[in-house]
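Working through the structure, step by step
What follows is the residue order along each chain.
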Amino acid sequence: MHDTTVLLIELGTVILGLGLVGRFAGRIGLSPIPLYLLGGLAFGSGGIFPLTASEEFIEVGAEIGVILLLLLLGLEYSASELVGSLKTQYPSGIVDFTLNAVPGALAALLLGWGPVAAVALAGVTWISSSGVIAKVLTDLGRLGNRETPVILGVLVIEDLSMAVYLPLLTALVAGLGLAGTSVAMLIAIGTVGIVLFFALRYGRVISRAVSSDTPEMLLLVVLGLTLLIAGIAQKLQVSAAVGAFLVGIALSGETAENARSLLSPLRDLFAAVFFVFFGLSTVPSDIPPVLVPALLLAAVTSVSKIFTGWYAARRAGVGVPGRLRAGGALVARGEFSIVIAGLATSADPRIGPLATAYVLILVIVGPLAARWTEPVVRRANALRRRHAAPAPAPAPAPAEADPDPDPAPAEAGSGTGSGAPLRNLRTDTES
């Protein structure tokens, strides 16, 4: 009875604290993810007030949080949208992977962490945060902008790539070797292909079979089916998160919309628990030694994400300001970087502190980059052109015999000198 009482008190404190910091984050226009991570650091091993009774319960809740994150992500897309994005955006996806995954892999190798850590850290730096980016675009009123479909296309490619990447990482962490990893990859690719095929051909049939007029029955069926498939996927070394993602893809239409509205509050709750658990499993004293590498990695991959957005938007014929906005919007990292790091910490515990510091930096910098990348570059270009422009010729001195000189030449000269940068700036804005 005493253990149950302590468990309830700890859980109540954690959930209430999550609600309060979430409200505070909303007031200041910040994603709550960094505050959840900081809360976990404060109440974990080596923190201010370590939790003991509720740690196992929070660990299970964290697993459910990952599953719900991927399920809701799958519900956002139909199979046709995924296939269409794959056909049109794959060059941008290749550039995205090359520019953003390679720095993470190189950083792990330079730190001497080995190949498994390199694969894990590559994923941490590669995948942008769909949740943070979607909220930022909504808050900035950019959902109707021309570059927004490009941003979403890049995110779709990243999310679909998770269905192959996570099984690869899971197999490497489990130490399955080359043969076992190859089998896991074949199973993952084959499963994704089969699910996409059936979702395209028989998506309506599957959705009708799952659908229910009663919200309670729909919630139970979808959640139960998702947990079952996730467990089977975990048993096959494919990753429980991928199984949940594939369930979301298989559902479409009204069934997917109803399931999304029912499961979104649960997703938000357990996702918050997941971030807290990741903070709990990280010792705060381990973060300062990796803070400098995290800052350097954040700086490099922020620039590389901006180039990714620039390239993807240029392929779509978007003008220069839209390209910059697309790049800035992709900078944020968040939930999936933590999911990847959580999988890899069992193989190399050093990944956790670095990933925590990295996400804390970019989940704050990301929204700022989305807001300020385009105007900062535009003003910098305007200043550069203004300094590079030749100085206006001085107006000729009036003759001494003319007591009332004509001011027209002086006005024309000053207009020529200051007008060129303004015209250039206007051209940049309209392109």
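You'll find the structure just up there.
This report concerns the structure included in the present document. These figures come from a predicted structure and were not determined experimentally. (Residues numbered from 1 in each chain as written. Predicted model: local features only at pLDDT ≥ 70, side-chain atom pairs only at ≥ 80, totals over all residues. Heavy atoms only, no water.)

Moving on, we get to the nonpolar core. Counting residues in hydrophobic clusters, the biggest one holds 114 residues, and the most contacted among them are L70, L71 and I249. If you tally residues by element for this core, the top one is helix α11 (residues 253–280), at 13 residues. (Core = buried A, V, L, I, M, F, W, Y, C linked by side-chain atoms within 4.5 Å. Buried < 20%, exposed > 50% of the residue type's maximum accessible area, 1.4 Å probe, protein only. Helix = DSSP H or I, 4+ residues; strand = E, 2+ residues; numbered from the N terminus.)

In this section: the pattern of salt bridges. Note that side chains of opposite charge can pair when their charged atoms are close. This model, assessed by the stated rule, comprises 7 salt bridges. The residue D348 makes a salt bridge to R350 at a minimum N-O spacing of 2.9 Å. One network of salt bridges, in which partners are shared, links D96, E158 and K305. (Salt bridge = Lys/Arg side-chain N within 4 Å of Asp/Glu carboxyl O.)

Glancing now at the side chain of T301. Take T301: it is sitting in helix α12 (residues 291–315). Within the local environment of T301, its side chain forms a polar contact with the backbone oxygen of L297, the two atoms lying 2.6 Å apart. If sequence neighbours within four positions are ignored, T301 has contacts with N100, P103, T125, R333, Y358 and L362. (Polar contact = N/O pair within 3.5 Å; in protein donor to acceptor, adjacent residues only side chain to side chain. Contact = heavy atoms within 4.5 Å.)

Here we take up the environment of L111. Assignment of secondary structure puts L111 in the loop between α4 (79–110) and α5 (115–126). For L111, a relative accessible area of 38% gives the class partly exposed. Sequence spacing of L111 and P293 is 182 residues, and the spatial spacing of their C-alpha atoms is 9.1 Å.

To continue, consider helix α14 (residues 335–344). A large share of α14 lies buried, amounting to 8 of its 10 residues. Within α14, burial applies to E335, F336, S337, I338, V339, I340, A341 and A344.

Let us look at helix α10 (residues 240–250). In an α-helix, one full turn covers 3.6 residues, which means residues spaced three or four apart are oriented alike. With 11 of its 11 residues buried, α10 lies for the most part within the structure. For α10, every residue scored as buried is listed here: A240, A241, V242, G243, A244, F245, L246, V247, G248, I249 and A250. Looking at the buried residues of α10, the elements they touch are α3 (55–76), α4, α7 (148–173), α8 (177–210) and α9 (215–235).

Moving on to the packing of α3 against α10. Relative to each other, α3 and α10 sit at 30 degrees, their axes nearing to 7 Å. Classified by the angle between their axes, α3 and α10 sit roughly parallel to one another. The element α3 and its partner α10 pack so that their crossing is right-handed. In this structure, α3 contributes V66, I67, L70, L71, L73, G74 and L75 to the contact, and α10 contributes A240, A241, A244, F245, V247, G248 and I249. (Axes fitted to C-alpha atoms, helices over the stretch in contact; angles between N-to-C directions. Parallel < 35°, antiparallel > 145°, perpendicular 65-115°, else oblique. Left-handed = near helix turned anticlockwise from the far one by under 90°.)

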